[in-house]
Amino acid sequence: IGSLIGIIILSPFMLLTAVAIKAYDRGPVFFKQARLTQDGREFGIIKFRSMCIESEKNGAQLAKKHDDRITPVGRLIRKIHFDEIPQLFNILKGDMSIVGPRPERQEIASQYEEIIPEFRYRLKVKAGLTGYAQVYGKYNTTPYDKLKLDMLYIENYSFWLDIKILLMLSLIHISEPTR
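Basis of the calculations
Residue indices follow the written sequence of each chain, beginning from 1 at its first position. Reporting in this predicted model follows two pLDDT cut-offs: at least 70 for local features of residues, and 80 or more for side-chain atom pairs to be given and counted; totals over whole chains, interfaces and linings ignore these cut-offs and use all residues. The side-chain figures draw on all heavy atoms in the structure; neither hydrogens nor water molecules are used. Secondary structure elements follow DSSP: runs of H or I of four or more residues count as helices, runs of E of two or more count as strands, with numbering from the N terminus. Buried, partly exposed and exposed residues are distinguished by accessible area as a fraction of the type maximum, computed with a 1.4 Å probe on protein chains only: under 20%, between the cut-offs, and over 50%, respectively. Nonpolar cores were defined as sets of buried Ala, Val, Leu, Ile, Met, Phe, Trp, Tyr and Cys residues, with membership established by side-chain atoms within 4.5 Å. In what follows, a contact means two residues having at least one pair of non-hydrogen atoms within 4.5 Å. For the purposes of these results, a polar contact is taken to be a pair of N or O atoms within 3.5 Å, where, inside protein, one atom must be able to donate a hydrogen and its partner to accept one; residues adjacent in sequence count only when each atom of the pair is a side-chain atom. Directions drawn from the helix axis to the C-beta atoms are what define this arc. Here a patch means residues that are over 30% exposed by relative accessible area and free of salt bridges, tied together within 9 Å if like-charged and within 5 Å if nonpolar (Val, Leu, Ile, Met, Phe, Trp, Tyr). Surface accessibility follows the Shrake-Rupley procedure with a 1.4 Å probe radius. Residue values consider only the protein chains on display as shielding. One speaks of a salt bridge when a side-chain nitrogen belonging to Lys or Arg is within 4 Å of a carboxyl oxygen belonging to Asp or Glu. In this analysis, the protein atoms alone were mapped onto a 1 Å grid. Cavities are point sets where a 1.4 Å probe fits without being able to get out; pockets are open sets with protein on both sides within 12 Å along at least five of seven lines; lining residues have an atom within 4 Å of a point. Grid points are joined across faces, edges and corners, and a volume is the space filled by probe spheres set on the points. Residue classes follow a fixed rule: Ala, Val, Leu, Ile, Met, Phe, Trp, Tyr, Cys and Pro count as nonpolar, while Asp, Glu, Lys and Arg count as charged, and any other residue, Gly among them, counts as polar. For a helix, the expected span equals 1.5 Å multiplied by the residue count minus one. Working definition for bend: take the seven residues up to and ending at a residue and the seven starting at it, fit an axis to each, and measure the angle between the axes.

### Side note on unusual backbone geometry
Moving on, step 1. Backbone geometry places Arg 26, a non-glycine residue, at a positive phi of 60 degrees.
Moving on, step 2. Residue position: Arg 26 is located in the loop between α1 (2-25) and β1 (30-36).
Moving on, step 3. Residue Arg 26 is classed as exposed on the basis of its relative accessible area of 68%.
Moving on, step 4. In the Ramachandran plot, His 81 falls in the positive-phi region, its phi being about 65 degrees despite a non-glycine side chain.
Moving on, step 5. As for its position among the elements, His 81 is in the loop between α2 (72-79) and α3 (87-93).
Moving on, step 6. For His 81, a relative accessible area of 31% puts it in the partly exposed group.

This is how it looks when you write it as structure tokens:
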């Protein structure tokens, strides 16, 4: 219900974002990528495209803070987190929840698991649009710290904890709009 309400309320912003992306380089508006969710199941995450069309021609890689593959439109929509809005459709479909560990790509998760075998424990619950790591972490949170924050969430899960995380996220965006 929450994702459906979000889609309806945010639809004008989604339309403007789509037009801006298309007008910039005439490339695809959406970006779909395989990610992991509960029990290691893969699903296609949907995001607004924020990088140049051939951003991963050299293989999978994490985005960096000042990544030259990010388009000017992409820089703006990432700053205000509009690139994430289409994930409401993933939530509506049942692939994700609103709160939970952020979904990783299999390639990246495998690299983390070589160093931290417990990283896979994050897959005990559905992937989320936001979570502890987004509230308490930073852009460059290490995989180990991300695991600790996600495990803290999983071990203490409750409906009220989800509400608290969403409220804290709202406060962060109000007090630090450029985070």
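Structure's up, so let's keep going.
### Brief notes about the nonpolar core
Moving on, step 1. Of all hydrophobic cores here, the largest spans 17 residues; its most connected members are Phe 119, Tyr 132, Val 135, Leu 147, Tyr 153, Leu 161 and Ile 165.
Moving on, step 2. Residue assignment for this core shows that the elements contributing at least two residues are α4 (106-115), α5 (132-136), α6 (143-155) and α7 (159-175).
Moving on, step 3. Tallying contributions element by element places α6 first for this core, with five residues.
Moving on, step 4. Look past the residues within four positions of Leu 161 in its chain and what remains in contact with it is Tyr 132, Tyr 153 and Asn 156.
Moving on, step 5. Core analysis: the second largest hydrophobic core is formed by 15 residues, Ile 21, Phe 48, Val 73 and Met 96 among them.

### Quick look at the side chain of Thr 37
Moving on, step 1. By the element assignment, Thr 37 lies in the loop between β1 and β2 (42-48).
Moving on, step 2. Overall, Thr 37 belongs to the buried group, its relative accessible area being 1%.
Moving on, step 3. A polar contact of 3.0 Å, which involves the side chain of Thr 37, links it to the backbone oxygen of Asp 95.
Moving on, step 4. Here Ala 127 takes part through its backbone nitrogen, which lies 2.9 Å from a polar atom of the side chain of Thr 37.

### Quick look at α4
Moving on, step 1. Along α4, the residues that are buried comprise Ile 108, Ala 109, Tyr 112 and Glu 113. Along α4, the residues classed as buried sweep out an arc of 135 degrees about the axis, all on the same side.
Moving on, step 2. Contact partners of the buried residues in α4: β1 and α6.

### A few points about a nonpolar patch on the surface
Moving on, step 1. Among the surface-exposed residues, Leu 4, Ile 8, Phe 89 and Leu 92 lie close enough to one another that they form a single nonpolar patch of about 370 Å² accessible area.
Moving on, step 2. Within the element layout of this structure, Leu 92 appears in helix α3.

### Description of empty space enclosed by the protein
Moving on, step 1. Per the stated rule, a full pass over the model turns up two cavities of 30 Å³ or more.
Moving on, step 2. Taken together, Leu 36, Arg 102, Pro 103, Glu 104, Ala 109, Glu 113, Phe 119, Arg 122 and Leu 123 form the lining of the largest cavity.
Moving on, step 3. Residue composition of the lining of the largest cavity, grouped by class: five nonpolar, no polar and four charged.
Moving on, step 4. Surrounding the second largest cavity, Leu 36, Pro 101, Arg 102, Pro 103, Arg 122, Leu 123, Val 125 and Ala 127 form its lining.
Moving on, step 5. Each residue belonging to the lining of the second largest cavity can be placed in one class, and the counts come to six nonpolar, no polar and two charged.

### Points about α1
Moving on, step 1. Between its terminal C-alpha atoms α1 stretches 33 Å, which fits the 34 Å expected from 24 residues at 1.5 Å a residue.
Moving on, step 2. At Leu 10, α1 is bent by approximately 60 degrees, the largest bend along its length, and proline Pro 12 sits one to four residues beyond.
Moving on, step 3. Among the residues making up α1, those that are buried are Ser 3, Gly 6, Ile 7, Met 14, Thr 17, Ala 18 and Ile 21.
Moving on, step 4. Residues of α1 that are buried make contact with β2, α2, α3 and β3 (97-99).
Moving on, step 5. Positive phi appears at Arg 26, one or two residues downstream of α1, with a value of about 60 degrees.

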